[in-house]
Amino acid sequence: MKLLLKYLKPYRGYITVALIIKTAATLIELVIPYILSYIIDTLVPRAGEGSTGEVVNDIIIFGFLMIGCAILACIGNITANRMAANTARRSTEKIRHNLFERVMSLSSKQIDEYTIPSLESRLTSDTYHIHHLVGMVMRMGVRAPIMLIGGIAVTFAIDPVLSLIMLSVLPLICLTVIIVSKKGIPLFKKTQSSVDSMIRIVREDSQGIRVIKALSKTDYERRKYDKANKSLVEDETRASSTMAVSNPLVTLFLNLGLVAVILAGAVRVKGGQTNPGVIIAFIQYFTTISMATIGLARIFVHSSKGIASAGRIEEVINTEPDLMLESEEKYPRQNDKGYIVFDDVSFSYLGVKNNLSHLSFELPKGGTLGIIGATGSGKTTALQLLMRFYDVDSGSVRIGGRDVRTIPHGELNGLFGVVMQNDFIHHGTIAENIRFGRDISDEQIKRAADIAQASEFIEAYDDGYEHELQFKGTNLSGGQKQRIFISRAVAGEPNILVLDDSSSALDYKTDAKLRKAIKENMSDVTTVVVAQRVSSVMNSDLIIVLDDGEVIGMGTHDELIESCEVYREISDSQIGGAILD
């Protein structure tokens, strides 16, 4: 709840006004049954005393007073409810914004721990539960207690004996709500975890729908989804069934209390200890108290979801920042000969087995590094350490003599133009996808497309760079998408160009033209190329061959042909040992 109080604090003045209006409207509602009681027990008997005309006038006046109170209460409740909805919307908007901002600042390790589906669930369904909780508390959280306490106070003033009979059921109601809510919150947390699992499956299947259909695995994925869906239904059923007990039990206790009040009231009217108008008013107040009590029970039910969701959101927002900026006192600058230096770097994702072991090399500014190896050999891991998506376990990674741990994130990220293995295209024009929200001119976009060998197919469209791309680039071929990715990386005129298996969908001729264009137009840019193809790295100044995180070869193409059997086998199998360019 600390999270909610923090985000509601800026609106405390607005909330106070809303609560005052809600309180006034509720108090006005409480007056209506009392006026009715006065009319029945005081004014109506006077009609038999001979002053009928005067009594009728009084009854009309008090009748209009009841109508006026009802209208004022209605206006006040509507106004307060609109203010409550406003507050819920604004506070949830800020929570959602800050949560998204925090998610975007999480390190790769932290994202791995939370998982993408879980973060998506927290940004969507959990923030919705928060919105619902804030609105309900502001609407019912004020009205219900006032109706409950005010109703009890008025009934005590009218008839203390009947009030005591009515109050005898309240401890049972309170005990029911407390026990049910205590069991319900953990169940709703478990339900949200099941939602995370289902979102993960939906996300995976939507991304791989073409592969699923191609391999005729639609039924298999449907069964997998059904299993997750049934698990979610079971969790929701347990949570909902537990919380559903509260309303029927509360209603039962209230009805028992009402029966007791009516029986006792009948006895007291017969004995002349109270009046019929009092009983009528008492029943109305009892109904009011009943509705207030049921309202409080509903608040506890729905707040269980909200509190569980608030805890999940708070967990992410309060996550301690990872990959903190370190001082140069701890990691002093070095007089490296190379621009990019890996100094005996080792790293493990899970801390069990090294995914990269004792990697050391130096690459001069403007040079080209090629990294090649089998799937899972540690190629992409080396890139992620270079860009500081993760911190090394031992050794150091330096750029321009500075340890990457001492370079501010904004400055470090600004050095790179990157094409990742799982890059993405968003819905928008080609120009927007290349620009990617950066201050990049149309001339820079065209130059980048020329270098990436993308301008030819882009300009073939009638609308050229304004051609609309569908989400994930489904209206592009694999090679066209890769050239858009490379254009995006080149357009920012980076100091370091990172290409992670970025030409796998290109034909050899286009790949060769791409490498030539990068060399001619970006000679001062340091390039790191990860590839499966020998042809993509063979012209590099330095080539590293990785196998299971270990360096098994390092040197130029010619040197590796002589010294590294694995590299020679790859080269022979792909290009027969010949140099193709």
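(A) Summary view of unusual backbone geometry. In this structure, R388 is a non-glycine residue whose phi angle is positive, near 60°. Along the chain, R388 turns up in the loop between α12 (379-386) and β4 (394-399). In this model, F436 sits at a positive phi of 55°, which is unusual for a non-glycine residue. With respect to the secondary-structure elements, F436 resides in the loop between α14 (430-435) and α15 (442-451). F436 sits in the partly exposed class, given a relative accessible area of 36%.

(B) Geometry of the pattern of salt bridges. In total, this model carries 20 salt bridges according to the counting rule given. Here R222 and D219 are joined by a salt bridge, their closest N and O atoms 2.6 Å apart. Taken together, the positions of R222 and D219, both in helix α9 (residues 218-244) and three residues apart, correspond to about one turn of that helix. Of the residues examined, D219 reaches a relative accessible area of 46% and is grouped as partly exposed. Each of the salt bridges in this network shares a partner with another, and the network as a whole consists of E328, R333, R402 and E411.

(C) Main features of a negative patch on the surface. Residues E432, D462, D463, E466 and E468 make up a contiguous surface patch of negative charge. Within the element layout of this structure, D462 appears in the loop between α16 (455-459) and β8 (468-469). Classification of D462 as exposed rests on a relative accessible area of 85%.

Procedures and definitions
Residues numbered from 1 in each chain as written. Predicted model: local features only at pLDDT ≥ 70, side-chain atom pairs only at ≥ 80, totals over all residues. Heavy atoms only, no water. Helix = DSSP H or I, 4+ residues; strand = E, 2+ residues; numbered from the N terminus. Buried < 20%, exposed > 50% of the residue type's maximum accessible area, 1.4 Å probe, protein only. Salt bridge = Lys/Arg side-chain N within 4 Å of Asp/Glu carboxyl O. Patch = residues over 30% accessible without salt bridge, like charges linked within 9 Å, V, L, I, M, F, W, Y side chains within 5 Å. Areas by Shrake-Rupley, 256 points an atom, 1.4 Å probe, with all protein chains shown as cover. Lys, Arg positive; Asp, Glu negative; His and termini not counted. Charge placed at Lys NZ, Arg CZ, Asp CG, Glu CD.

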